[in-house]
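The primary structure of each chain is shown beneath.
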Amino acid sequence: MRPMQMPIGLWTDPVEPEFLAPLRRAVAEHVEPDADAIDREDVYPVAAIKELARQGYTSLTLPEEFGGRGLGFAHCAALFEEASYASAAVGISLITILQAQTIIRLFGADSLKSTVLPEFGRGLITSYALTEANHGSDIRSLDTKAVQDGDRWILSGRKSFITSGSAAEAYVILAETPVGVSAFFVRQGMDGVSTEEGPNAATFGLRNGPHVDLVLDRVALPADHLIGVEGKGVRQAVTTLDYSRTMAAAISLGIARAAFDGALDFAGGRSAFDRKILDFQGIQWYFADMLADIDAARLLTYEAARKLDAHDDIARFGSEAKLLASRVATDTAARAVQICGAYGVMESARFGRYLRDAKAYEIAGGSSEILKNTIAKRLQQHVALRREALS
C-alpha cells in the first residue's frame, strides 16, 4: 500500500518550510519504502537511522561544538512527527538515541561529552536501559550493582526488555551504588557486555527489533562513564524522560495523522449506496472529531517543545502532551479502521499497524497512568503554593 499523501493545506507547518521540505524528502526516500517491512519483520531500521544521522537529524538539538545543529525542540518534534508519519518504529528508534544523548548532554562529565556527543552525528545508535525484570517502572532500587575499584567502576546485573537493544552500539544504564541509583554509559563490545533475547522479546506495536536483556558481567568502566552525580541517577533519568515524552507525543501525532489521512483518502474515493462514503454525515462527524483532536494535540505538543527550550514546567507539559497525543492516536486509528470497514482490517492495509503502534505508546515511554500521576503531583504543588500564599 502506497503512503497516503498529506491533504494540501490541512495540517499547519509547526516550523519553517525550509526545514520541513528536506526532512520530508529524507523520510520519503529513506524511511517510507521500508516501513511495512520493518514492522512485519520486527527489525531495527539501521539503514534509515544511519542516513538520517548523516543528514544531521539525530543531532538537531546538540550544540554546534559537538557536531549538532543547535536547533530548538520544535524542530526536534517535527522530526519525530514526520518520521513517525511513515514509521513509528523509526520514531521509537530515534527516541532512544535522544534519551541517551540528552542525559549525557545535561549531566555528563566534559570528557564524556566531548568524546560521545559528536558520535551521534556520525550515526551512533544508543538505547536507554533502565528496566529490570523484578522492578519494572520502579527504578528507585535495582538489582544491577556498581562498585568503585580504584579509578574504575565495576558493573554487574541484567537489564530487561530494552527497546532498540538489538542494534544498540552503546547504552545508558542505571545501577545501584553504595550511595544510591546512578547512571552509567556502557558500550557494546566491552568485556562482559552481552545481550540475550528472552521469551517476551516481541511486542505487537512499535516493532523496531526484539526487546533484549542486557547482561553486565563485571564490566569495567572508566571513572568518567559515571553520568552526573553518584546517587542522583533516578532524578537524572526522570529529567531525561521529561524531555523525551514531548517527542513521544510527536510520534503519536505522526501515527494519528497517517491514520487520519489514510481514512480520508479512502472515504473520499470509495462509494456506497450511490454516494461517496465521505458524503455520509456520520462519517463526516467522525472526521470532524478526529481533526479537532489531532489539532489540539499538536498545539499542546509544540507548546511542550517550546517549554523545553525555555526550561519552563517541563514535566507538566511533556506529560500532558504525551497523555493527550497517545490517546488521540489510538482513538484516531480505531476510527480509521471503522471508517474503512473490511479494508481497514486487511493485513495489506496499514491501519492495523497504526492501531498497534498507537496503543503500544499509551504504555511505552511512560504509561498514561504514570503521566496522570505526574500531572496530579503538579496540581498538588500548585494548591500547596496557593494555600501558602493566602495564609
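Residues numbered from 1 in each chain as written. Predicted model: local features only at pLDDT ≥ 70, side-chain atom pairs only at ≥ 80, totals over all residues. Heavy atoms only, no water.

An unreviewed UniProt entry annotates the protein chain as Acyl-CoA dehydrogenase originating from Azospirillum melinis. Its UniProt record gives the protein chain a comment under Cofactor (unreviewed entry), which states: "FAD". (UniProt positions renumbered as here; feature names shortened; annotations may be inferred.)

Helix and strand counts for the protein chain come out as 11 helices and 10 strands. For a compact globule of 391 residues, the expected C-alpha radius of gyration is about 21 Å, and the protein chain comes in at 21 Å, within 12% of that figure. Looking at the 391 residues of the protein chain, the share that counts as buried comes to 52%. Counting only contacts in the protein chain whose residues sit at least 6 apart along the sequence, the fraction spanning at least 24 positions is 76%. Total accessible area on the protein chain is roughly 17000 Å²; 52% of this is exposed by carbon and sulfur atoms. Side chains of the protein chain carry 41 positive and 50 negative charges; the gap between the two charge centres is 3 Å. (Helix = DSSP H or I, 4+ residues; strand = E, 2+ residues; numbered from the N terminus. Rg over C-alpha atoms; globule rule 2.2 N^0.38 Å. Buried < 20%, exposed > 50% of the residue type's maximum accessible area, 1.4 Å probe, protein only. Contact = heavy atoms within 4.5 Å. Areas by Shrake-Rupley, 256 points an atom, 1.4 Å probe, with all protein chains shown as cover. Lys, Arg positive; Asp, Glu negative; His and termini not counted. Charge placed at Lys NZ, Arg CZ, Asp CG, Glu CD.)

Attention now goes to the packing of aromatic side chains. Each aromatic ring pair is specified by the distance between its two centres and by the angle formed by the two planes. Within this structure, the stated rule accounts for 8 aromatic pairs. On the basis of an interplanar angle of 75° and a centroid distance of 6.2 Å, the ring pair of Tyr 343 and Phe 351 is categorised as edge-to-face. Judged by relative accessible area, Tyr 343 falls into the partly exposed class, the value being 24%. Look at Phe 351 and Tyr 354: their rings are 6.0 Å apart centre to centre, the planes differ by 80°, and that puts the pair in the edge-to-face class. On the criterion of helical spacing, the pair formed by Phe 351 and Tyr 354 is a turn pair, its members being 3 residues apart in helix 10 (residues 351–360). Ring-pair connections join several aromatic residues into one group, and the members of that group are Phe 266, Tyr 343, Phe 351 and Tyr 354. Between the NZ or CZ atom of Arg 275 and the centre of the ring of Phe 280, over which it lies, the distance is 4.3 Å. (Phe/Tyr/Trp six-rings, centres within 6.5 Å; stacked < 30°, edge-to-face > 60°. Lys NZ or Arg CZ within 6 Å of the ring centre and 35° of its normal.)

Turning our eyes to something else, we now look at the nonpolar core. The biggest cluster of nonpolar side chains holds 102 residues, and the ones touching the most others in it are Phe 80, Val 90 and Met 247. If you tally residues by element for this core, the top one is helix 7 (residues 233–269), at 17 residues. Filtering out sequence-adjacent residues up to four positions away, Val 90 remains in contact with Val 31, Ile 38, Pro 45, Ala 48, Ile 49, Leu 52 and Ala 83. Residues Ala 129, Ala 146, Phe 184 and Val 212 belong to the second largest nonpolar core, which totals 19 residues. (Core = buried A, V, L, I, M, F, W, Y, C linked by side-chain atoms within 4.5 Å.)

Turning to the packing of helix 9 (residues 314–344) against helix 11 (residues 368–390), a few remarks are in order. One can describe the packing of helix 9 onto helix 11 by two numbers: an axis separation of 9 Å at closest approach and a directional angle of 145°. In the packing of helix 9 onto helix 11, the handedness of the crossing is left-handed. On helix 11, the residues touching Ala 315, Arg 316, Ser 319, Glu 320, Lys 322, Leu 323 and Ser 326 of helix 9 are Ser 368, Leu 371, Lys 372, Thr 374, Ile 375 and Arg 378. Among the residues forming the contact of helix 9 with helix 11, the class breakdown is 4 nonpolar, 4 polar and 5 charged. (Axes fitted to C-alpha atoms, helices over the stretch in contact; angles between N-to-C directions. Left-handed = near helix turned anticlockwise from the far one by under 90°. Nonpolar A, V, L, I, M, F, W, Y, C, P; charged D, E, K, R; others polar.)

Turning our attention to the side chain of Lys 113. By the secondary structure assignment, Lys 113 is in helix 6 (residues 110–120). Aside from chain neighbours lying at most four places away, what touches Lys 113 is Phe 66, Ile 104, Arg 105, Gly 108 and Pro 118.

A word on the packing of helix 4 (residues 73–86) against helix 5 (residues 88–107). In the contact formed by helix 4 and helix 5, the axes pass within 7 Å of each other and the chain directions differ by 155°. It follows that helix 4 is roughly antiparallel to helix 5 by the angle criterion. In contact with Phe 73, Cys 76, Leu 79, Phe 80, Ala 83, Ser 84 and Ala 86 of helix 4, helix 5 contributes Ala 88, Val 90, Gly 91, Leu 94, Ile 95, Leu 98 and Arg 105. Split by residue class, the contact of helix 4 with helix 5 holds 11 nonpolar, 2 polar and 1 charged. (Parallel < 35°, antiparallel > 145°, perpendicular 65-115°, else oblique.)

On to helix 10, then. Considered for burial, the residues of helix 10 that qualify are Phe 351, Arg 353, Tyr 354, Asp 357, Ala 358 and Ala 360. On its buried face, helix 10 sits against helix 2 (35–41), helix 4, helix 5, helix 7 and helix 9.

On to helix 1 (residues 17–30). Counted at 1.5 Å a residue, the expected span for helix 1 with its 14 residues is 20 Å, and the 20 Å between its end C-alpha atoms agrees. All buried positions along helix 1 are accounted for by Phe 19, Leu 20, Leu 23, Ala 26 and Val 27. The arc that holds every buried residue of helix 1, seen down its axis, measures 130°, which confines them to one face. Every exposed residue of helix 1 that faces more than 90 degrees away from the buried side is listed here: Glu 18, Arg 25 and Glu 29. (Expected span 1.5 Å × (residues − 1). Arc of directions from axis to C-beta.)

The UniProt record annotates "domain: Acyl-CoA dehydrogenase/oxidase C-terminal" (unreviewed entry) at residues 231–379. A helix fraction of 81% and a strand fraction of 3% characterise residues 231–379, whose end C-alpha atoms lie 28 Å from each other.

Let us now look at the pattern of salt bridges. Opposite charge on two side chains lets them pair, provided their charged atoms get close. In the structure shown here, the tally under the stated rule is 29 salt bridges. The salt bridge involving Glu 51 is made with Arg 54; its shortest N-O contact spans 2.7 Å. On the criterion of helical spacing, the pair formed by Glu 51 and Arg 54 is a turn pair, its members being 3 residues apart in helix 3 (residues 46–54). Since its relative accessible area comes to 15%, Glu 51 is described here as buried. Arg 54 sits in the exposed class, given a relative accessible area of 60%. Of the charged contacts in the structure, one is a salt bridge between Glu 176 and Lys 145, with a shortest N-O distance of 3.2 Å. Here Glu 176 is found in strand 4 (residues 170–177), whereas its partner Lys 145 is found in strand 2 (residues 145–149), with 31 residues between them in sequence. The class for Lys 145 is partly exposed, based on a relative accessible area of 37%. (Salt bridge = Lys/Arg side-chain N within 4 Å of Asp/Glu carboxyl O.)

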